[in-house]
Amino acid sequence: MKPQNWLPFEALVALRFLREGRIQTLFIVVGIAIGVAVIIFMSALLTGLQANFVNRVLTGQAHIQLLAAKNRVSPLGTTTDWPHDALEAATVQIPLQRAQGIDQWQSVMEQLQQMPEVKVVSPAVLGSALITRGEASRSVSVVGMLPQRYFRIIPLRDKMVQGSAEVGSDTILIGTELAADLGVALGDPLRVSTVNGTVLTLKVLGIFDLGNKGANSRNAFMTMRTAQSMFGLSGGASILDVTLTDIYAAERIAQQIQSHTGLQADSWMKTNEQFFTAVRAQTTANTAIRFFVGLSVGFGIASVLVVSVVQRSREIGILRAMGVRRVQIMRVFLLQGGLLGLGGALMGALIGALAMVVWQRVMRNADGSIMFAMVMDTALFVQSLVLASLTGLLSALAPALRAARLDPVVAIRT
Amino acid sequence: MTAQSNTPVAQPILELQGLRKSFNVGADNETEVLHGIDLKLYPGDFCAVIGPSGSGKSTLLNIVGLLDRPSSGSLWIDGMQTTALNDAKLTQLRGHRIGFVFQYHHLLSAFSALENVMMPLYADRGFRDAQMRERAAGLLDSVGMSPWLHAPANRLSGGQQQRVAVARALAMRPGLILADEPTGNLDTHSADGVFALFRKVCKEQSTAVLFVTHNPLLSARCERTIEVVDGKIKDGGFP
């Protein structure tokens, strides 16, 4: 056994104490490792799950949608303008919301495009229409868009199962469900009519699958110009779709845009509020699990070190007798706590990573594709290592203080 | 009982004046175990401390070793008044000027013989690695433990462990060695060997040795003997 002189005194003693009580050390390291592995695996699982949900939500939706402000009715005056004995009408009827375009949408789009957080802005005309073929008819939401911009937000090209997405002035894109309901194939003509009496005949250029039955039966896409003439919105846009560099900044930026432009700005978070409540609940549950696992790891380390201080009382006394300072004794036990935490975290990181690989291989969809991608985030591993080491240090504080305060006379006599 | 000593030509390495120690101070059961001890020890003194169990020998040794504080009186180590020093200063003084050897040798079982001897030097941080190893190996050689330099401490026999403990006590070249019944747990042959070792250290390095023993044969071989009875030095406190 060669002396390890390259180590400071405290580190050498801490390592030797841990090595001498190797069974005890092994058990607590395995205990910490399991805790860390649970934290890493759970976090990766939830992050992957949430990322998967977010991805699914955002493949069919812009991060922010800007609409013209709703029509409002304001009372002619307020009670302060009226005589003291006069009463204002209690009920104000909400007016009918007619389809209307965004005022000066081109300049708004330019302003938005200059914001550093904004990636793409795409104008569109939205409206409802009835699609008829023979005796069958279906009501649909029509999106009239500029393909070169819109496809950068909604990757419709990737969703096409038949035909092309490069829609023109006399063509239309419909979903798989709608095509099946109406019994149409590529190139078949469809009669598209609106409530204002406009009727167009458009050929089916492509059939898409958005991954959702409802979406595949209710949506149809055409060029913006076609939709403008169809809904009587010549040169206008009823909506501006916006994508951002940071999807989680959507609500903040939506509010910012709303206050600057006066338009109604809805972030994807707002339009999917229930989903976000579920995400928040998951995150809270994950944090609670992390906290309690961390707590149990901390108490585990502390209990082992308390026992170690009792077991090593005599050795502490001897060290004190030979001139070792209280602070050095304290460092020895703090280091043991830190090393236990770090060792357990390293082992836990390996177990966690292994569990993630096994999960990815075992948990598959019916078609054999992966259920969702779990991300091996380096930051998560580094955080776990740092946190476990800090937990070890903190947990060792009480035992270390106890060791440092031991009366050497009593300790040697033990 | 002999009361010889070296001629006091130098400053005493240890001096006690009116040293008292009480336990449970202020409580109903307050007990004074040392009642005004006066003692001087010079470099090269080899002094046995004898007395019945419970007479206060260990308490005296703990106070002299700066592991415990006196209730009153004065204690000088190498000319330094210690009663007003804080814990850090006492620890530093103890580490540099005093070596301990206990009855049950008390080696650190997680370390080898060499590492046990290096330990005080290592903790002091004032030495280079090669220097520490060289000095520790030399000390182990001087106590006849060269073949077991890298043997784990807990695999050595009782006599061997006590030899390592003596080498460890000498690591910092202290002026005073306190040995609390160092031969009490050894067979006669090993006890003789360890005693001879102390004599050798005392003679060759002029280190003062305060040697607590219950063995009258060993105390009779010391140049100076003090007898502690009921918390007082009955005989031999001053040369």
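Just so it is clear, the model here is predicted, and its values are computed rather than measured.

(A) Geometry of the overall build of chain A. Across its full length, chain A carries 16 helices and 10 strands. Its C-alpha atoms give chain A principal-axis dimensions of about 105 × 70 × 35 Å. Within chain A, buried positions represent 37% of all 414 residues. Put simply, of all contacts in chain A between residues at least 6 apart along the chain, 81% involve residues at least 24 apart.

(B) Spotlight on the overall build of chain B. If you tally the helices and strands in chain B, you get 7 helices and 10 strands. Taking 2.2 N^0.38 as the reference for a compact globule, 239 residues should give roughly 18 Å; the C-alpha atoms of chain B span a radius of gyration of 18 Å, in line with that estimate. Seen along its three principal axes, the alpha-carbon backbone of chain B occupies a region of about 50 × 40 × 40 Å. In chain B, buried positions account for 51% of the 239 residues.

(C) Broad picture of the environment of A:Gly323. Take A:Gly323: it is sitting in the loop between α12 (313–321) and α13 (326–362). With 15 residues separating them along the chain, A:Gly323 and A:Gly338 place their C-alpha atoms 24 Å apart. Filtering out sequence-adjacent residues up to four positions away, A:Gly323 remains in contact with B:Thr91, B:Gln92, B:Arg94, B:Gly95, B:His96, B:Pro120, B:Ala123 and B:Asp124.

(D) Just the interface of chain A and chain B, in detail. Listed as interface residues are 21 residues of chain A and, on the opposing side, 32 residues of chain B. Residue assignment for the side of chain A that touches chain B shows that the elements contributing at least two residues are α1 (9–20), α12, α13 and α16 (408–413) of chain A.

(E) Layout of α1(A). Residues and elements named next belong to chain A. For α1, with 12 residues, the first-to-last C-alpha span of 16 Å sits near the 16 Å given by 1.5 Å per residue. Among the residues of α1, those classed as buried are Glu 10, Leu 12, Val 13, Ala 14, Phe 17 and Leu 18. Summarising the contacts, the buried residues of α1 are in contact with α2 (22–58), α11 (273–311) and α13.

(F) How the structure looks around the nonpolar core. Residues B:Leu210 and B:Phe211 are the most contacted members of the largest nonpolar core, which totals 123 residues. In this structure, B:Phe211 is in contact with B:Phe46, B:Cys47, B:Ala48, B:Val49, B:Ala179, B:Phe198 and B:Cys222, ignoring residues within four places of it in sequence. A:Ala62, A:Ile102, A:Ala129 and A:Phe208 belong to the second largest nonpolar core, which has 58 residues in total.

(G) Fine view of the confidence of the model for chain A. Summarising the model, chain A shows a mean pLDDT of 86, and 91% of its residues fall at 70 or more. Looking at the elements of chain A, mean pLDDT is at its lowest for α16(A), recorded as 83, and at its highest for strand β5 (residues 171–175) of chain A, recorded as 95.

(H) Region of interest: the domain arrangement of chain A. Domain boundaries in chain A define domain 1 (9–57 + 276–413) and domain 2 (97–266). Relative to domain 2 of chain A, the C-alpha centre of domain 1 of chain A lies at a distance of 52 Å.

(I) Broad picture of the sheet that holds strand β1 (residues 14–23) of chain B. Residue and element names in this part refer to chain B. Pairing in this open sheet of 4 strands is antiparallel, and the strands run β2-β1-β4-β5 from one edge to the other. Each of the sheet's edge strands pairs with one partner strand only, and the pair in question is β2 (31–41) and β5 (80–81). Sheet analysis places β1 next to strand β4 (residues 72–77), joined by 5 bridges and oriented antiparallel. Bridging across to β4, Arg 20 finds its partner in Ser 72.

(J) Geometry of the confidence of the model for chain B. Residue and element names in this part refer to chain B. Averaged over all residues, the pLDDT of chain B is 87; the fraction at 70 or higher stands at 94%. Looking at the elements of chain B, mean pLDDT is at its lowest for strand β10 (residues 232–235), recorded as 80, and at its highest for β4, recorded as 94. Considering only residues more than four positions removed or in separate chains, one finds that residues 1–5, a stretch of pLDDT under 50, has 17 contacts. Here the predicted complex carries an ipTM of 0.85, next to a pTM of 0.72.

(K) Unusual backbone geometry, seen in detail. Residues and elements named next belong to chain B. Phi is positive for Arg 173, which is not a glycine, with a value near 50 degrees. Along the chain, the position of Arg 173 falls in the loop between α5 (158–170) and β7 (176–180). The phi torsion at Ser 206 lies on the positive side, around 55 degrees, for a residue other than glycine. Mapped onto the fold, Ser 206 is located in the loop between α6 (188–205) and β8 (208–212). Owing to 15 C-beta atoms within 10 Å, Ser 206 belongs among the partly exposed residues under this scheme.

(L) Up close: the packing of α2(A) against α11(A). Residue and element names in this part refer to chain A. Where α2 contacts α11, the axes come no closer than 10 Å and their chain directions differ by 170 degrees. By the angle class used here, α2 and α11 are roughly antiparallel. Of the residues contributing to the contact of α2 with α11, the split by class is 15 nonpolar, 9 polar and 1 charged.

(M) Examining the environment of A:Phe333 more closely. Residues and elements named next belong to chain A. In this structure, Phe 333 sits in helix α13. For the pair formed by Phe 333 and Phe 41, sequence separation is 292 residues and the distance between their alpha carbons is 30 Å. Phe 333 has contacts with Leu 305, Val 309, Ala 396, Pro 399, Ala 400 and Ala 403, leaving out every residue within four places of it along the chain.

(N) Quick look at helix α2 (residues 87–97) of chain B. Within α2(B), burial applies to B:Thr91, B:Arg94, B:Gly95 and B:Arg97. In this structure, the buried side of α2(B) is in contact with β4, β6 (98–101), α3 (113–124) and β7 of chain B.

(O) Structural view of the packing of α3(B) against α5(B). All names here are of chain B. Taken N-terminus to C-terminus, the directions of α3 and α5 make an angle of 25 degrees; their axes are 7 Å apart at the nearest point. Judged on the interaxial angle alone, α5 and α3 are roughly parallel. Judged by the twist between their axes, the crossing of α3 over α5 is right-handed. Listed contacts from α5 to Ala 113, Asn 116, Val 117, Met 119 and Pro 120 of α3 are Val 164, Ala 167 and Arg 168. When grouped by side-chain class, the residues that make up the contact of α3 with α5 number 6 nonpolar, 1 polar and 1 charged.

(P) Inspection of the pairing of β4(B) at higher detail. Residue and element names in this part refer to chain B. In this sheet, β5 lies alongside β4 in antiparallel orientation, the contact comprising 2 bridges. Counted as the bridge partner of Ile 77 is Met 80 from β5. Where β4 hands over to β5, the hairpin turn is made up of 2 residues, of which Asp 78 adopts a positive phi near 55 degrees.

(Q) Highlighting the environment of A:Val306. All names here are of chain A. Within the secondary structure, Val 306 sits in helix α11. By the C-beta count within 10 Å, which is 17 here, Val 306 ends up partly exposed. Residues Val 306 and Ser 296 lie 10 residues apart in sequence; the distance between their C-alpha atoms is 15 Å.

Definitions and limits used
- Residues numbered from 1 in each chain as written.
- Chains lettered and ligands numbered in written order.
- Predicted model: local features only at pLDDT ≥ 70, side-chain atom pairs only at ≥ 80, totals over all residues.
- Helix = DSSP H or I, 4+ residues; strand = E, 2+ residues; numbered from the N terminus.
- Buried ≥ 20, exposed ≤ 12 C-beta atoms within 10 Å, placed from the backbone.
- Contact = placed C-beta atoms within 7 Å.
- Rg over C-alpha atoms; globule rule 2.2 N^0.38 Å.
- Expected span 1.5 Å × (residues − 1).
- Core = buried A, V, L, I, M, F, W, Y, C linked by C-beta atoms within 7 Å.
- pLDDT = per-residue confidence, 0-100.
- Domains from an automatic or database assignment.
- Pairing = 2+ DSSP bridges.
- Axes fitted to C-alpha atoms, helices over the stretch in contact; angles between N-to-C directions.
- Parallel < 35°, antiparallel > 145°, perpendicular 65-115°, else oblique.
- Nonpolar A, V, L, I, M, F, W, Y, C, P; charged D, E, K, R; others polar.
- Left-handed = near helix turned anticlockwise from the far one by under 90°.

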